[in-house]
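Coordinates in review
This is what each chain is made of:
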Amino acid sequence: MCGHARAFDVTDDAEKSRNPFELFKFGFSAYKNGHKDEALKALRYAAEMGHPGAKWKLARMYAEGDGVKENDFEAYQIFEKIVRDGAEPGSQNESYVADALVALAGYIKRGIPGSPVQANPNVARELYIQAASNFGDPSAQYELGKMLLKGEGGARNTVQAARWFRLAAQKGNVNAQAMLGNMLFQAGKTVRGLAMLTAAFERCSDDDCEWIRDLQERAFSVAGEADRRTAISLAGDIVRTGDF
């Protein structure tokens, strides 16, 4: 007997009668069990029926080439629909809208080659502002901080950049913590900056450790020995407590 749910068949009227939430659960279960073809069919149908979680997961699969050929424009269109549909304030669906806003901002910031989506940093910055302000999304707060720091999509504002980095870092965004630590170090707050950079390096993801290490090593190379020792001790406290 098969060890997983039977194959999903979109032509089966019995399956078509299932509600969107049941289809979403079916698809998500199939995905977790490695049956991505079945997951894709179920999620597509649940998305067509309006289930926001199914739309979000489907968009992520297209964006990442996960179980389907990578297609950024297809992902973009689904994320755009999630944003247009919105969510009830306070509902769990708000997280899908926030993530979709961040995804759209990323696509619009760099553009999607071979599609109608052209690079537009101004619009991208506005989308990050929506996700950062209306939903408190830490990824949006971090990305917005970077744009403000560089003056992308609008005027440069280091004070606001630091504010958004701090908000994101307080929610556990390690990259924002590294950026804020570097800003503090550059502003003369040597020990605090070094400590935050060191704590960020200890918790960074594989994708981001290289640039965080570069910032941390550069700062350590010009700091005095006493400041280094104090910063290392403080970094341990930051890693343990999450407070900085």
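The sections below set out a description of the structure shown in this document. (Residues numbered from 1 in each chain as written. Predicted model: local features only at pLDDT ≥ 70, side-chain atom pairs only at ≥ 80, totals over all residues. Heavy atoms only, no water.)

**A word on the overall build of the protein**
Across its full length, the protein holds 13 helices and zero strands. Secondary structure elements of the protein, listed N to C terminal, follow the sequence α-α-α-α-α-α-α-α-α-α-α-α-α. Dimensions of the protein along its principal axes, counting C-alpha atoms only, are 70 × 45 × 35 Å. When the 244 residues of the protein are sorted by exposure, 45% land in the buried category. Sequence-distant contacts in the protein: of pairs separated by 6 or more residues, those separated by 24 or more amount to 48%. Of the roughly 12,700 Å² of accessible surface on the protein, a fraction of 47% belongs to carbon and sulfur atoms. Once the 31 positive and 33 negative side-chain charges of the protein are each reduced to a mean point, those two points are 4 Å apart. (Helix = DSSP H or I, 4+ residues; strand = E, 2+ residues; numbered from the N terminus. Buried < 20%, exposed > 50% of the residue type's maximum accessible area, 1.4 Å probe, protein only. Contact = heavy atoms within 4.5 Å. Areas by Shrake-Rupley, 256 points an atom, 1.4 Å probe, with all protein chains shown as cover. Lys, Arg positive; Asp, Glu negative; His and termini not counted. Charge placed at Lys NZ, Arg CZ, Asp CG, Glu CD.)

**Here's the deal with helix 7 (residues 121–134)**
Between its first and last C-alpha atoms helix 7 spans 20 Å; for 14 residues at 1.5 Å apiece the expected length is 20 Å, and the two agree. For helix 7, the full list of buried residues reads Ala-124, Arg-125, Leu-127, Tyr-128, Ala-131 and Ala-132. Taken down its axis, helix 7 places every buried residue within 160 degrees of arc, on the same side. Phi for Gly-136, located one or two positions after helix 7, is positive at around 60 degrees. (Expected span 1.5 Å × (residues − 1). Arc of directions from axis to C-beta.)

**Considerations on the packing of aromatic side chains**
Summed over the entire model, instances satisfying the criterion amount to five aromatic pairs. Ring centres of Tyr-76 and Tyr-107 lie 6.3 Å apart, and the angle between their planes is 70 degrees; this geometry places the pair in the edge-to-face category. Of this pair, Tyr-76 sits in helix 5 (residues 72–85) while Tyr-107 sits in helix 6 (residues 94–110), and the two are 31 residues apart along the sequence. Across this residue pair, the class does not change: Tyr-76 and Tyr-107 are buried. Between Tyr-142 and Phe-165, the ring centres sit 6.1 Å apart and the planes meet at 45 degrees, which makes this aromatic pair tilted. You can see Tyr-142 sitting in helix 8 (residues 138–150) and its partner Phe-165 sitting in helix 9 (residues 158–170), a full 23 residues away along the chain. The buried category is assigned to Phe-165, whose relative accessible area is 0%. The rings of Phe-73, Tyr-76 and Tyr-107 are connected pair by pair, giving a single aromatic cluster. Of note, Lys-57 hangs over the ring of Tyr-31, and the distance from its end group to the ring centre comes to 3.8 Å. Above the ring of Trp-164, the side-chain terminus of Arg-163 is found at 4.5 Å from the ring centroid. (Phe/Tyr/Trp six-rings, centres within 6.5 Å; stacked < 30°, edge-to-face > 60°. Lys NZ or Arg CZ within 6 Å of the ring centre and 35° of its normal.)

**Describing the side chain of His-51**
Among the structural elements, His-51 can be located in the loop between helix 3 (36–48) and helix 4 (52–64). There is a polar contact of 3.1 Å between the side chain of His-51 and the backbone nitrogen of Ala-54. (Polar contact = N/O pair within 3.5 Å; in protein donor to acceptor, adjacent residues only side chain to side chain.)

**Here's the deal with the packing of helix 4 against helix 6**
Orientation of helix 4 relative to helix 6, taken along the N-to-C sense of each, is 30 degrees, at an axis distance of 10 Å. It follows that helix 4 is roughly parallel to helix 6 by the angle criterion. Here helix 4 runs over helix 6; the crossing is left-handed. Contacts between helix 4 and helix 6 involve Pro-52, Gly-53, Trp-56, Arg-60 and Ala-63 from the former and Tyr-96, Asp-99, Ala-103 and Tyr-107 from the latter. A breakdown of the residues in the contact of helix 4 with helix 6 according to their chemical character gives six nonpolar, one polar and two charged. (Axes fitted to C-alpha atoms, helices over the stretch in contact; angles between N-to-C directions. Parallel < 35°, antiparallel > 145°, perpendicular 65-115°, else oblique. Left-handed = near helix turned anticlockwise from the far one by under 90°. Nonpolar A, V, L, I, M, F, W, Y, C, P; charged D, E, K, R; others polar.)

**Some thoughts on the nonpolar core**
Of all hydrophobic cores here, the largest spans 74 residues; its most connected members are Phe-79 and Phe-165. For this core, the element with the most residues is helix 6, which contributes ten residues. (Core = buried A, V, L, I, M, F, W, Y, C linked by side-chain atoms within 4.5 Å.)

**Here we look at the environment of Ile-78**
Summarising the element assignment, Ile-78 is placed in helix 5. Between the C-alpha atom of Ile-78 and that of Val-222, which follows or precedes it by 144 residues, the distance is 48 Å. What Ile-78 contacts, discounting residues up to four positions off in sequence, is Lys-55, Leu-58, Ala-59 and Tyr-62.

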